[in-house]
Amino acid sequence: MFSHEINEMVRLKEKIYQWIFSILAFSSLFFLVGIIIVLFKESLPLFSKIKLSSFLFGKSWYPTFDPAEFGILPLILASLWVTFGALLVCVPLGIGSALYLNELAGHKQKAILKPLIEILASIPSIVYGFFGMVVMAPFLQNLLDLPIGLCAFTASIILGIMAVPTVCSIAEDALSYVPAAFREASFALGANRWQTLIKVVIPAAGSGISTAIILGISRAIGETMTVLMVAGGAAVIPKSFFDPVRPMTAAIAAEMGEAPLGSLHYHALFSIALILFLVTFVFNIIAELISRRFRLKLGLAG
Amino acid sequence: MKAIGKLLLLGLMMAGLVLPCYAEKIVIEGSTTVLPIAQKAAEEFMDMHSGANLSVRGGGSSVGIASMIDGTCDIADASRAIKDTELDKAMTNGRDPVAHIVAMDGIAVIVHPSSRINALSKKQVKAIFTGQISDWSQVGGQPGKIVAISRDSSSGTYEAFGELVLDKQKPRADALLQASNQAVTQTVARTPAAIGYVGLGYVSSSVKALEIDGVMPSKETVLSGKYPVTRPLFMYTNGQPQGAIKEFMDFVKSEQGQRIAEEEGFVGLK
């Protein structure tokens, strides 16, 4: 009888703990759904006044002009443009560092280098922005004889540097998951280090590395403060890397504070946020799918 | 330790009881251009009147006026006159916005100190900022691409410049948009090919202000109205101000209040 009661107590306790932790786990789902609902609710009113096609493909963004124009093609292209530029910086740097850390660096070097690279991720983005504005932009302006240093090129470099830790850290994890047996088998067949790296290790870690790159893209496309301070902010369709541009995030950050609540401009900014959200959402799902396949391939997950 | 805790608690409770007894809270909201005047004036006003409770926020002229129409602020700062659409909305909400000019602001057109240009006509400035002119040689400067620097599309300075200089035409899309007057000054100071516009108070020795239609921007030319890019700065109240709001408005318009406006880089009315 007595032991039965204790059993009951324990079971109740366990149930309570289970409940608490499921609530905690599901709370992020709750936030996600909440954010999606708000994004849709605040952006849909725009489309009763403006056609979706003229919003997505319109070439002029004059939200406070009379009559206002809400074409966000320049903003979308600006985001893609600086993200593409950032990729050109962060992929070689990030993957290169990951390969070095995993293949060449000794234990000591790795113990110092990896945390150092990860510290890059903990620098607040406004610091990067300030660095870009005060140091990088004037430097590039003089070096390349540009009319203005605040442009897509400068923004791409800074964004690329910011994405390096994401790419490096995930790619390095992927490389380290490649079982030692793969390497040993390759060496046993007489392949040298370089051949093993190119023919065995990188293909085996390939999808992990792709995940790293895609998460790097997400990081770059969603970054706000840096592009707001460094990209120049001109809402034109970029023709070269040296044009000032206005990515979607910068437009939202710069204009939301002064857009009257409930105005078309306000709804338009929410619509931009919705599109940005959908883009990063898709990227993250792709990354998740690839990395799941990767874990499966290496036998790391059931 | 415990006693201190109790004392603190008692203090907090008393503060909670006492605070609501202060005079009504005055909320000031609106233009970021007028913000420094409102902020400083509110501080000095509260120093002088121990019971006064003022809260000052930015947000922009449109936000300030909208808040006053909705009744969530008492004084709306604005760097432009109220629009007809806003006036209609105020009427339907039973509000009666009354304008008070609190200072004058001149918008200076600035270039890099190394520029050969010293003066432009208002027409030329308009042509540059609407995109008809895009090389300095077209206005007598060193040949090279003009880098036009503008303010964010919701800033009061942007709107005033659009009305006073651009005749409500669209500014060029490839103008760089900067978030504040300081940012425009800094960018122009670092960019030899740049041209920008800022409130008179933000002209520093690192940039060169241009003569417009033959008139140099200065306190005198702004106050006399000779300088063509001049605008009044407003505070709007609902009806004729009364009580504490009236006292504050009188303070802003007094010599001391106008000295504050001058200190913040605007042109006082006295």
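Residues numbered from 1 in each chain as written. Chains lettered and ligands numbered in written order. Predicted model: local features only at pLDDT ≥ 70, side-chain atom pairs only at ≥ 80, totals over all residues.

### Description of the overall build of chain A
Secondary structure summary: chain A contains 11 helices and 2 strands in total. When its helices and strands are written in sequence order, chain A yields α-α-β-β-α-α-α-α-α-α-α-α-α. The C-alpha atoms of chain A give 24 Å as radius of gyration, which overshoots the globular expectation for 302 residues (19 Å, by more than 25%). Summarising its shape, the C-alpha atoms of chain A cover approximately 75 × 70 × 35 Å along the three principal directions. Per-residue burial for chain A yields a buried fraction of 39% across its 302 residues. Long-range pairs, those at least 24 residues apart, make up 72% of the contacts in chain A between residues at least 6 apart in sequence. (Helix = DSSP H or I, 4+ residues; strand = E, 2+ residues; numbered from the N terminus. Rg over C-alpha atoms; globule rule 2.2 N^0.38 Å. Buried ≥ 20, exposed ≤ 12 C-beta atoms within 10 Å, placed from the backbone. Contact = placed C-beta atoms within 7 Å.)

### A short note on the overall build of chain B
Helix and strand counts for chain B stand at 10 helices and 11 strands. In chain B, buried positions account for 47% of the 270 residues. In chain B, the share of contacts with a sequence separation of at least 24, taken over all contacts with a separation of at least 6, comes to 72%.

### Thoughts on the packing of helix H6 (residues 152-177) of chain A against helix H8 (residues 193-222) of chain A
All names here are of chain A. Contact pair H6 / H8: the axes reach a minimum separation of 8 Å and the direction vectors enclose 155°. Classed by the angle they form, the pair H6 and H8 counts as roughly antiparallel. Considering the relative orientation of H6 and H8, their crossing is right-handed. Judged by residue contacts, Leu159, Met162, Ala163, Thr166, Val167, Ile170, Ala171, Ala174, Leu175 and Tyr177 of H6 engage Val201, Ala205, Gly208, Ile209, Thr211, Ala212, Ile213, Leu215, Gly216, Arg219 and Ala220 from H8. Looking at the contact of H6 with H8 residue by residue, the class counts come to 16 nonpolar, 4 polar and 1 charged. (Axes fitted to C-alpha atoms, helices over the stretch in contact; angles between N-to-C directions. Parallel < 35°, antiparallel > 145°, perpendicular 65-115°, else oblique. Left-handed = near helix turned anticlockwise from the far one by under 90°. Nonpolar A, V, L, I, M, F, W, Y, C, P; charged D, E, K, R; others polar.)

### Overview of helix H10 (residues 255-263) of chain B
Residues and elements named next belong to chain B. For H10, the complete set of buried residues consists of Gly257, Gln258, Ile260 and Ala261. Each buried residue of H10 sits inside an arc of 150° when the element is viewed along its axis, so together they form one side. Against helix H2 (35-48), strand S4 (97-111) and helix H9 (243-253) lie the buried residues of H10. A positive phi of about 95° marks Gly265, the residue just after H10. (Arc of directions from axis to C-beta.)

### Quick notes on the nonpolar core
Core analysis: the biggest nonpolar cluster contains 151 residues, and Val82(A), Val167(A) and Ala171(A) have the highest contact counts within it. Top contributing element to this core by residue count: H6(A), with 16 residues. (Core = buried A, V, L, I, M, F, W, Y, C linked by C-beta atoms within 7 Å.)

### Remarks on the pairing of strand S11 (residues 230-238) of chain B
Residues and elements named next belong to chain B. Within S11, 8 of the 9 residues are buried, leaving the element largely enclosed by the surrounding structure. Across 9 bridges, the pairing between S4 and S11 is antiparallel. Looking at the pairing, Ala103 lines up with Leu233 of S11. (Pairing = 2+ DSSP bridges.)

### Details of the environment of Gly225(B)
Mapped onto the secondary structure, Gly225(B) falls in the loop between helix H8 (219-224) and S11. A sequence separation of 119 residues divides Gly225(B) from Gly106(B), and the C-alpha atoms of the two residues are 9.4 Å apart.

### Some thoughts on the pairing of S4(B)
All names here are of chain B. Two elements, S4 and strand S8 (residues 194-199), share 5 bridges in a ladder whose sense is antiparallel. Paired with Ala108 across the strands is Val198, a residue of S8. Where S4 lies against strand S9 (residues 208-209), 2 bridges are found, and the strand directions are antiparallel. Bridge assignment links Ile110 to a residue of S9, and that residue is Ala209.

### Considering the packing of helix H3 (residues 73-104) of chain A against H6(A)
Angle between the axes and distance between the axes: these two values describe a pair of packed helices. Viewed as axis vectors pointing N to C, H3(A) and H6(A) meet at an angle of 35°, and their least axial separation amounts to 6 Å. The interaxial crossing formed by H3(A) with H6(A) has right-handed handedness.

### Considerations on the environment of Gly239(B)
Residue and element names in this part refer to chain B. Tracing the backbone through its elements, the reader meets Gly239 in the loop between S11 and H9. Separated by 103 residues in the primary sequence, Gly239 and Trp136 place their C-alpha atoms 49 Å from one another. Each residue touching Gly239, except ones within four places of it in the same chain, is listed here: Asp96 and Val98.

### A few points about the confidence of the model for chain A
Should pLDDT be low for a region, the predicted coordinates there are not to be read in detail. Per-residue pLDDT for chain A has a mean of 89; in total, 97% of the residues score no lower than 70. Looking over chain A, one finds the lowest element-wise mean pLDDT in helix H11 (residues 264-297) of chain A, namely 88, and the highest in H3(A), namely 94. (pLDDT = per-residue confidence, 0-100.)

### Some points on the environment of Leu189(A)
Inspection of the secondary structure puts Leu189(A) in the loop between helix H7 (180-188) and H8. In the structure, Leu189(A) is positioned 74 residues away from Ser263(A) in sequence and 69 Å away in space, judged by C-alpha atoms.

### Thoughts on unusual backbone geometry
The phi angle of most residues is negative, glycine excepted, and most peptide bonds adopt the trans form. All names here are of chain A. A positive phi angle, close to 55°, is found at Asp145, a residue other than glycine. Checked against the element boundaries, Asp145 lands in the loop between helix H5 (125-143) and H6. With 7 C-beta atoms packed within 10 Å, Asp145 lands in the exposed category.

### Comments concerning the confidence of the model for chain B
Residue and element names in this part refer to chain B. Across chain B, the average pLDDT comes to 87, with 91% of residues at or above 70. Summarising per-element confidence for chain B, the mean pLDDT is lowest in helix H1 (residues 2-18) (51) and highest in S9 (95). Long-range and interchain partners of residues 13-22, a stretch whose pLDDT sits below 50, account for 2 contacts in this model, where long-range means more than four residues apart. In the predicted complex, the global pTM is 0.76; the interface-specific ipTM is 0.74.

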